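Okay, here's what each chain looks like letter by letter:
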Amino acid sequence: MEAADYEVLSVREQLFHERVRECIISTLLFATLYILCHIALTHFKKPAEFTTVDDEDATVNKIALELCTFTLAVALGAVLLLPFSIISNEVLLSLPRNYYIQWLNGSLIHGLWNLVFLFSNLSLIFLMPFAYFFTESEGFAGSRKGVLGRVYETVVMLILLTLLVLGMVWVASAIVDNNKASRESLYDFWEYYLPYLYSCISFLGVLLLLVCTPLGLARMFSVTGKLLVKPRLLEDLEEQLYCSAFEEAALTRRICNPTSCWLHLDMELLHRQVLALQTQRVLLEKRRKASAWQRNLGYPLAMLCLLVLTGLSVLIVAIHILELLIDEAAMPRGMQDASLGQVSFSKLGSFGAVIQVVLIFYLMISSVVGFYSSPLFRGLRPRWHDTAMTQIIGNCVCLLVLSSALPVFSRTLGLTRFDLLGDFGRFNWLGNFYIVFLYNAAFAGLTTLCLVKTFTAAVRAELIRAFGLDRLPLPVSGFPRASRKTQHQ
C-alpha cells in the first residue's frame, strides 16, 4: 500500500475513534440523567399503583414509568444543553491545547444538540401519547386479556392520533403558507414534517415561558421566604408554634371524641391534617433554633440576590430590544457548524459566560415555579408519594415542552450570543422581526408589572405584620349586608 492509502486509513480510523468516543460520552451523560430522573419519579409515584393485586396493571404502570423517566431525562438534558455549550466554549477558549479536554469539541456539542432534538420529538410525538393510551387501555373487546392486548389497542390509537395530527398540520401549513412546495414538503415525514410539528410545539413552549416566567420571577420571593428563616422583625415563630399546637390539639380532641351526631367527620382527612400540622411544627422548631447569622444575614442576602438577578434579566432584555432596532445581527439564528473555542460569546469573557449560565438556570427555575403557581396548572403539581401515573405523564410532557423551548427562549431574549445549533435554528418564526421584537417587549413589560405589583404588596403586608396592625380589630367592609328580610325578623 502507498503512503496516501495509509493516510486515508489513519484519517478514517481517527474519525471512527472520535465517533465511538462521542457515543460513549453521550451514553454516560444520558445514563446519569436517567438515573437521577428515575430516583426523582420514584419518590413522587403512588406506591399503590405498582403493588396492586392485578399484575397486569402493575406491569403497565412500570413500563409507563420508564417512558416517563426517559422523557424527563431528555427534558433535563435540554435544560443543560445551552449552559453546557457556553461553558465548553469558554473552557476551550481558555485551554486550547490541553490534552485532557481534547474530547470536548464542536462535533460532540453539535451531536448533543441533535440528540436532544431527536429525543424531544420522539418523546412528545410518540412515547408520551403511547404511555398515556397504554395506561388507559383495556384491550379490544373479544380479544385476550393481557399486556399484549393493551399494546395492540395503544398502537391503533397512536396511529389514528398520528394521522389526525398530520392532517391538522398539513391543513395549517396550507392555510398559513399557500404554496405548493410547502404542501409537498410535508410528504417527507422525517425531514420536514417532524421539524415543522416540533416548531409549532416549540412556539407554544416559548409562549408558555412568556407567561410563566414573569409570574415565577415574582413568585420566587415568596417561595424563598418560606424556605429561609426570616428576621424576628418580619416573622414571629413563637406565635406560629402556638397556633400550630392549638390546632393540633383541637383536631386530636375531635378524633378522640367523635360524639357529634350532626356532623359527619372524615377521620382520614383529620389524620392527614394532624400529620401535616406535626410536620409543620417540626419545621418551625428547626427554624426557631436557627443561628443569628442565618436569621439576620441569610434572608436579606437571598432577597438581594433574587432582586439583582431579576433586575439584570430585565436590563439585558431591554438592551436587546434596542439592539434589535439598530443591528440586524441581534436576531436569533441557527448555526450549522459548531466552531467552539475561537471567540467568547460574551463581551465580559468568562465572567459574562458564568452570568449567562446563572441567568438561564434562574429563569428556568422561575418558569417552573410560575407554571405550578398558575391557576390553570396548579392541579398538576406532583405530591410526595401520592402522584397518579396519568399526572406523572402530564408533568413530564409539560416539563419537556418548557425545557426544550429554553434554548430558543434564551436566544430570543438575548440572554446569550450562542447561536442555536442543529434543527433548533430551523424554526421559521425565528426570522420574523416583529415576533421577536414583540416577544422581548412583552417579556420586559410583564416581568416589570408582576414585580412591581408583588413587591409592593409583599412590602405592605410585611410592614403591617411587623408593626402588629394585622391584630387590630378593624372593621371588615367585605362582609355582605344582611338582607331586608333578616333585618325585619
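Here the structure is a predicted model, which means the values were calculated and not measured.

With that out of the way, let us pick up the packing of aromatic side chains. A full pass over the atoms with the stated rule returns 13 aromatic pairs. Seen from their ring centres, Phe 70 and Phe 119 are 5.4 Å apart, and the 70° between their planes marks the pair as edge-to-face. Taken together, the residues span a long stretch of sequence, with Phe 70 in helix H2 (residues 55–94) and Phe 119 in helix H3 (residues 106–136) at a distance of 49 residues. For Phe 119, a relative accessible area of 23% puts it in the partly exposed group. Seen in terms of ring centroids, Phe 130 and Phe 134 are 5.4 Å apart; in terms of plane orientation they differ by 25°. Their pairing is stacked. In this pair, Phe 130 and Phe 134 are both assigned in helix H3, four residues apart and thus about one turn of the helix distant. We note that Phe 130, like Phe 134, is buried.

A word on a nonpolar patch on the surface. Among the surface-exposed residues, Phe 140, Leu 148, Tyr 152, Val 155, Val 156, Met 157, Ile 159, Leu 160 and Leu 163 lie close enough to one another that they form a single nonpolar patch of about 830 Å² accessible area. Note that Leu 160 resides in helix H4 (residues 147–176).

It is worth spelling out the side chain of Ser 137 at this point. The topology assignment puts Ser 137 in the loop between H3 and H4. When its relative accessible area of 3% is taken as the criterion, Ser 137 is described as buried. Here the side chain of Ser 137 touches Phe 134 through a polar contact of 3.0 Å, landing on its backbone oxygen. In this view, Ser 137 contacts Arg 150, Glu 153 and Thr 154; residues no more than four positions away in its chain are not counted.

This paragraph deals with the pattern of salt bridges. If you walk through the whole model with that rule in mind, you get one salt bridge. Note that Arg 19 is salt-bridged to Glu 22, the shortest N-O span being 3.9 Å. In this pair, Arg 19 and Glu 22 both sit in helix H1 (residues 3–44), three residues apart, roughly one turn of the helix. Residue Arg 19 is classed as partly exposed on the basis of its relative accessible area of 43%. Classification of Glu 22 by relative accessible area gives buried; the value is 10%.

Before going further, it helps to spend a moment on a positive patch on the surface. Among the surface-exposed residues, Arg 219, Lys 226, Arg 378 and Arg 381 lie close enough to one another that they form a single positively charged patch. Its location among the elements puts Arg 381 in the loop between helix H10 (350–373) and helix H11 (389–404).

Interaxial distance between H3 and H11 falls to 10 Å at its minimum, and their mutual angle equals 170°. When the interaxial angle is binned, H3 and H11 end up roughly antiparallel. Taken together, the residues of H11 that come into contact with H3 (itself represented by Ser 120, Ser 123, Leu 124, Met 128, Ala 131, Tyr 132, Thr 135 and Glu 136) are Met 389, Thr 390, Ile 393, Cys 396, Val 397, Leu 400, Val 401 and Ser 404. Here the contact of H3 with H11 is built from residues that sort into ten nonpolar, five polar and one charged.

Let's shift gears to the nonpolar core. The nonpolar side chains of soluble globular proteins are, as a tendency, buried together. Cys 68, Trp 113, Met 389, Phe 409, Phe 418, Phe 424 and Phe 443 are the most contacted members of the largest nonpolar core, which totals 86 residues. Counting residues per element, this core draws most heavily on H2, which supplies 16 residues. Not counting the four nearest positions on each side in its chain, Phe 443 is found in contact with Leu 210, Thr 213, Pro 214, Leu 217, Val 317, Leu 363, Phe 409 and Leu 413.

H11 packs onto H2 with a crossing angle of 20° between their chain directions and a minimal axis gap of 8 Å. For the element pair H2 / H11, the angle class is roughly parallel. Crossing handedness for the pair H2 and H11: left-handed. For the pair H2 and H11, contact is made by Asn 61, Ala 64, Leu 65, Cys 68, Thr 71, Leu 72, Val 74, Ala 75, Ala 78 and Val 79 and by Met 389, Ile 392, Ile 393, Cys 396, Leu 399, Leu 400, Ser 403 and Ser 404, respectively. For the contact of H2 with H11, the residue count by class is 14 nonpolar, four polar and no charged.

What counts as what
Residues numbered from 1 in each chain as written. Predicted model: local features only at pLDDT ≥ 70, side-chain atom pairs only at ≥ 80, totals over all residues. Heavy atoms only, no water. Phe/Tyr/Trp six-rings, centres within 6.5 Å; stacked < 30°, edge-to-face > 60°. Helix = DSSP H or I, 4+ residues; strand = E, 2+ residues; numbered from the N terminus. Buried < 20%, exposed > 50% of the residue type's maximum accessible area, 1.4 Å probe, protein only. Patch = residues over 30% accessible without salt bridge, like charges linked within 9 Å, V, L, I, M, F, W, Y side chains within 5 Å. Areas by Shrake-Rupley, 256 points an atom, 1.4 Å probe, with all protein chains shown as cover. Salt bridge = Lys/Arg side-chain N within 4 Å of Asp/Glu carboxyl O. Polar contact = N/O pair within 3.5 Å; in protein donor to acceptor, adjacent residues only side chain to side chain. Contact = heavy atoms within 4.5 Å. Lys, Arg positive; Asp, Glu negative; His and termini not counted. Charge placed at Lys NZ, Arg CZ, Asp CG, Glu CD. Axes fitted to C-alpha atoms, helices over the stretch in contact; angles between N-to-C directions. Parallel < 35°, antiparallel > 145°, perpendicular 65-115°, else oblique. Nonpolar A, V, L, I, M, F, W, Y, C, P; charged D, E, K, R; others polar. Core = buried A, V, L, I, M, F, W, Y, C linked by side-chain atoms within 4.5 Å. Left-handed = near helix turned anticlockwise from the far one by under 90°.

So yeah, pure geometry; function would need other evidence.
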